[in-house]
Amino acid sequence: MSAAARRRQLVVLGAGPGGYTAAFRAADLGMNVTLVERWPELGGVCLNVGCIPSKALLHAARVVEEARDAREFGIEFGRARVDPRKLTAWKDRIVGQLTKGLADLAKRRGIDVVTGAGRLTSAHTLKLEHAGRTSELEFEQCIIAAGSEPIRMPGVPDDPRIMDSTGALELDELPERLLVVGGGIIGLEMATVYEALGVAVSVVELTETLIPGCDRDLVKPLEKRIGKRYEAIMLGIRVTDMEAAADGITVRFAGAAAPAEAQTYDRVLVAVGRRPNGGRIGAENAGLAVDERGFIGVDKQMRTSLHHIYAIGDIVGPPLLAHKATHEGKVAAEVAAGLKSYFDARAVPSVAYTDPEIAWVGSSEDEAKAGGVAYRKGVFPWAASGRSLTLGRSEGLTKLLFEESTGRLLGAGIVGPNAGELIAEATLAIEMGCNAEDIGLTVHAHPTLSETVAFAAETAAGTITDLYIPKPRKPAA
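Residues numbered from 1 in each chain as written. Predicted model: local features only at pLDDT ≥ 70, side-chain atom pairs only at ≥ 80, totals over all residues. Heavy atoms only, no water.

Caption draft 1: Here's a closer look at the side chain of Glu195. The residue Glu195 is located in helix H6 (residues 185-196) in this model. Take Glu195: its relative accessible area is 10%, and that puts it in the buried class. For Glu195, the contacting residues outside a window of four places in its chain are Glu65, Arg68, Val201, Arg229 and Tyr230. (Helix = DSSP H or I, 4+ residues; strand = E, 2+ residues; numbered from the N terminus. Buried < 20%, exposed > 50% of the residue type's maximum accessible area, 1.4 Å probe, protein only. Contact = heavy atoms within 4.5 Å.)

Below, the structure is given as structure tokens:
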């Protein structure tokens, strides 16, 4: 051990939502904590270049869209004039406010925050590199919260006009034409922003559907809305080549319905997924196994194969979501402090903050069918919701799946404005083991979007009055 080494009771590697939550919880439990982060600000990808800044821009996009839609009921605004630099500055102020708050919370807890890229050099040591200098930390316990990074497509030119999700957040100027490569959540959220701000957007997705893994009936309202707004939505098509030219990025495609001619775009956003950073932290030096995808295996206490090293968040497996990481971070911190804590969530919700929003939790209908699970389904179309009609957005639906054998809620899906907020009720219902009657007999305020959850439950229970569902005829005697 070098003279520069510093010994700590607990080192947390990575200060994203999972990492800072783990550090704060451990400090609250009386542990001596060092929080290591390679970037100057706390908060990781989510706060600095992910969840928070993208949602700020999505709010701006929603304002523009609502102004457009208001024409339908007799209110017309002039064409939106967008100042991209001012919009970016507003987004950055929000991020700055939150990162400053995290720094203050760490300081109040007496956490030693260290800036540097960390790599394990043994089972009890961490090497730090920052600004050309190297130092070493010795730890008794460690929580790895090193997150993930965007996947880069092979053969893509190194050109600033080809962006990843981080670059797409910098609206220094708006392109005329944008191609989004990848029809998953990240790509479609940024497509939502750019289209609302006046950009001609095209999306190309290798599979036959947008948001792979989500039930088709939930994605269909989104596809219908953006199909009228986007320049092109290319499904089952792959990008074969990109070439940087003076007038833009020239892209060639392959697939049954692919454009025959190469297309030129001012900007291209590559959003084909994220890769965990398991292979970037020297895990092998500590004796930790990393699988071929970059994930580190853990048990329900978030312990790795080494009893004193824990791992949380994107680096331990899907879903790669900040809210999963925060719960795992609390568990890891509590176990490190000697408490009997376990990560035992029955369901983790997912949300696409597109327009309309799509949210789902628990088992999807496709998964239930593939697994041979018998279920009852209750679907309430938002065209029958008074509240959705007053919003001018009747294209949504709420779907609940109940396990036939137990009657308990198995999964839920919602598409429509604020679906990301509404899914919380279904998540709690799964955790509490609720059945259709539990949800349907809970009094919901009227008129609200939340009562569509109750109506979907009533549909499954056969007690719905807001829809007419003919009862099956009894066979003749």
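Caption draft 2: Local environment of helix H9 (residues 322-336). With 15 residues, H9 should cover 21 Å at 1.5 Å per step; its first-to-last C-alpha distance of 21 Å lies within 8% of that length. Burial analysis of H9 places 11 of its 15 residues in the buried class, the great majority of the element. Listed as buried for H9 are Lys324, Ala325, Thr326, Glu328, Gly329, Val331, Ala332, Ala333, Glu334, Val335 and Ala336. Lining the buried residues of H9 we find helix H1 (17-28), strand E6 (133-144) and strand E17 (309-311). (Expected span 1.5 Å × (residues − 1).)

Caption draft 3: Region of interest: the packing of helix H3 (residues 51-69) against H6. It is at 8 Å that the axes of H3 and H6 come closest, and there the two elements cross at 45 degrees. Relative to H6, H3 is oriented oblique. Where H3 crosses over H6, the two elements pack in a sense that is left-handed. Across from Ser54, Lys55, Leu57, Leu58, Ala61, Val64, Glu65 and Arg68 in H3, the residues of H6 making contact are Glu189, Met190, Thr192, Val193, Glu195 and Ala196. Split by residue class, the contact of H3 with H6 holds seven nonpolar, two polar and five charged. (Axes fitted to C-alpha atoms, helices over the stretch in contact; angles between N-to-C directions. Parallel < 35°, antiparallel > 145°, perpendicular 65-115°, else oblique. Left-handed = near helix turned anticlockwise from the far one by under 90°. Nonpolar A, V, L, I, M, F, W, Y, C, P; charged D, E, K, R; others polar.)

Caption draft 4: View of the packing of aromatic side chains. Following the criterion strictly, the structure yields two aromatic pairs and no others. A ring pair is formed by Tyr20 and Phe24, whose centres lie 5.6 Å apart and whose planes are at 40 degrees; its orientation type is tilted. Placement of the pair is Tyr20 and Phe24 together in helix H1, with a separation of four residues, close to one helical turn. Residue Tyr20 is classed as buried on the basis of its relative accessible area, which comes to 17%. (Phe/Tyr/Trp six-rings, centres within 6.5 Å; stacked < 30°, edge-to-face > 60°.)

Caption draft 5: Looking closely at the environment of Ala254. Note that Ala254 resides in strand E13 (residues 248-254). For Ala254, a relative accessible area of 23% translates into the label partly exposed. Along the sequence, Ala254 and Val351 sit 97 residues apart, while their C-alpha atoms lie 30 Å from each other. Sequence-distant contacts of Ala254, defined by excluding residues within four places in its chain, comprise Gly236, Ile237, Arg238 and Thr240.

Caption draft 6: Expanded view of the pattern of salt bridges. Summed over all chains, the structure comprises 35 salt bridges. Residue Asp355 is joined to Arg393 by a salt bridge in which the shortest nitrogen-to-oxygen separation is 2.8 Å. Here the residue Asp355 occupies a position in the loop between strand E18 (350-352) and strand E19 (358-362), and Arg393 occupies one in the loop between helix H11 (386-390) and strand E21 (397-403), the gap between them amounting to 38 residues. When salt bridges with common partners are traced through the structure, they connect Glu65, Arg68, Asp69, Glu195, Arg225, Arg229, Asp355, Arg393 and Glu395 into a single cluster. (Salt bridge = Lys/Arg side-chain N within 4 Å of Asp/Glu carboxyl O.)

Caption draft 7: Quick look at the sheet that holds E19. Sheet architecture is open: five strands sit in the order E18-E19-E22-E21-E20, paired in antiparallel fashion. Two strands close off the open sheet at either side, each with one partner strand: E18 and strand E20 (375-381). Across the sheet, the mean angle from the axis of one strand to that of its neighbour is 10 degrees, orientation sign disregarded. Two elements, E21 and strand E22 (residues 409-415), share six bridges in a ladder whose sense is antiparallel. Of the residues in E22, the one forming a bridge with Phe402 is Leu409. Docked against the sheet, helix H7 (residues 216-229) engages E19, E21 and E22, running at close to 170 degrees with respect to E19. (Pairing = 2+ DSSP bridges.)

Caption draft 8: Up close: the environment of Thr406. With respect to the secondary-structure elements, Thr406 resides in the loop between E21 and E22. On the basis of relative accessibility, which here comes to 46%, the residue Thr406 falls in the partly exposed class. A polar atom in the side chain of Thr406 sits 3.2 Å from the backbone nitrogen of Arg408. (Polar contact = N/O pair within 3.5 Å; in protein donor to acceptor, adjacent residues only side chain to side chain.)

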